[in-house]
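Structure at a glance
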Amino acid sequence: MSENRPPREWRFYIDDMIGFSEKVLVYTDGLDQEGFIKHDLTYDATLRNLELIGEAATRIPDDIRAAHPEIPWRLIIATRNRLIHAYLGIDADTVWSIIQTHIPELRERLEALKYT
């Protein structure tokens, strides 16, 4: 059974991305890379939220993405694809770098985009 709902406003996906980013930061707060990798539940939950950030990014219209090149849309989506399809080949150093460097920056840029 399919529902005939109007398309979801793109700003809701931005809110989702912000929320998923906040979860990543909360889940990993106070951990170093070794602790993050050793704590299976935190690791899995964090990867899932990174995937969801990328999934939400795929829902942002092309014209919005083009108007905001300060957000690395293609890289976010590519990261999502890599996490989902290459789960046995995920590089822990790369994931940790994304969490520590890119997620805080992404969250700030998404917050700014929300109010444009």
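For the structure itself, look to the data block above.
The present account deals with the structure reproduced in this document. (Residues numbered from 1 in each chain as written. Predicted model: local features only at pLDDT ≥ 70, side-chain atom pairs only at ≥ 80, totals over all residues. Heavy atoms only, no water.)

This brings us to the environment of Ile53. The topology assignment puts Ile53 in helix H3 (residues 40–58). A C-alpha to C-alpha distance of 11 Å links Ile53 and Ala78, two positions 25 residues apart in sequence. In contact with Ile53, other than residues within four places in its own chain, are Met17, Phe20, Ser21, Ile76, Ile103 and Leu106. (Helix = DSSP H or I, 4+ residues; strand = E, 2+ residues; numbered from the N terminus. Contact = heavy atoms within 4.5 Å.)

Let us now look at helix H5 (residues 73–85). Its 13 residues place the ends of H5 18 Å apart at the C-alpha level, agreeing with the 18 Å of an ideal helix rising 1.5 Å per residue. Turning to H5, its buried residues are Trp73, Ile76, Ile77, Arg80 and Leu83. Relative to the axis of H5, the buried residues are bounded by an arc of 125° and lie together on one face. Away from its buried face by more than 90 degrees, H5 exposes Arg74, Leu75 and His85. On its buried face, H5 is in contact with helix H1 (10–28), H3, helix H4 (62–67) and helix H6 (92–114). (Expected span 1.5 Å × (residues − 1). Buried < 20%, exposed > 50% of the residue type's maximum accessible area, 1.4 Å probe, protein only. Arc of directions from axis to C-beta.)

So, on to the layout of surface pockets. Leftover empty space is mapped by rolling, across the atoms, a probe with the size of a water molecule. Volume-wise, the largest pocket comes out at about 270 Å³. Lining of the largest pocket is provided by 13 residues; of these, Pro72, Leu75, Ile76, Ile98 and His102 occupy positions nearest its centre. Counting residues per element, the ones that place at least two in the lining of the largest pocket are H3, H5 and H6. Tallying contributions element by element places H6 first for the lining of the largest pocket, with six residues. Grouping the constituent residues of the lining of the largest pocket by class yields eight nonpolar, three polar and two charged. (1 Å grid on protein atoms, 1.4 Å probe; cavity = no way out; pocket = protein on both sides within 12 Å on 5 of 7 lines; lining within 4 Å. Points joined across faces, edges and corners; volume = space filled by probe spheres on them. Nonpolar A, V, L, I, M, F, W, Y, C, P; charged D, E, K, R; others polar.)

This brings us to the side chain of Ser21. Examined against the element boundaries, Ser21 turns out to sit in helix H1. Apart from residues no more than four positions distant in its own chain, Ser21 is found in contact with Ile53, Ile103, Leu106 and Arg107.

Another point: the packing of aromatic side chains. Any two aromatic rings considered together are summarised by their centre-to-centre distance and by the angle between their planes. In total, this model carries two aromatic pairs according to the counting rule given. Ring geometry for Phe36 and Tyr43: centres 5.1 Å apart, planes at 45°, overall tilted. Like Tyr43, Phe36 is buried. An aromatic cluster of at least three residues, connected via ring pairs, comprises Phe36, Tyr43 and Trp96. The ring centre of Tyr13 lies 4.6 Å from the NZ or CZ of Arg8, which sits over that ring. (Phe/Tyr/Trp six-rings, centres within 6.5 Å; stacked < 30°, edge-to-face > 60°. Lys NZ or Arg CZ within 6 Å of the ring centre and 35° of its normal.)

To continue, consider the pattern of salt bridges. With the rule as written, the count across this model stands at nine salt bridges. Asp16 is paired through a salt bridge with Arg8; the nearest N and O atoms lie 2.6 Å apart. Residue Asp16 is classed as partly exposed on the basis of its relative accessible area of 24%. Its salt-bridge partner being Arg59, residue Glu55 comes within 2.9 Å of it at the nearest N-O pair. The class for Glu55 is partly exposed, based on a relative accessible area of 24%. Salt bridges linked by common partners bring Glu55, Arg59 and Arg80 together as one network. (Salt bridge = Lys/Arg side-chain N within 4 Å of Asp/Glu carboxyl O.)

So far we have only geometry, and geometry alone does not tell us how the molecule works.
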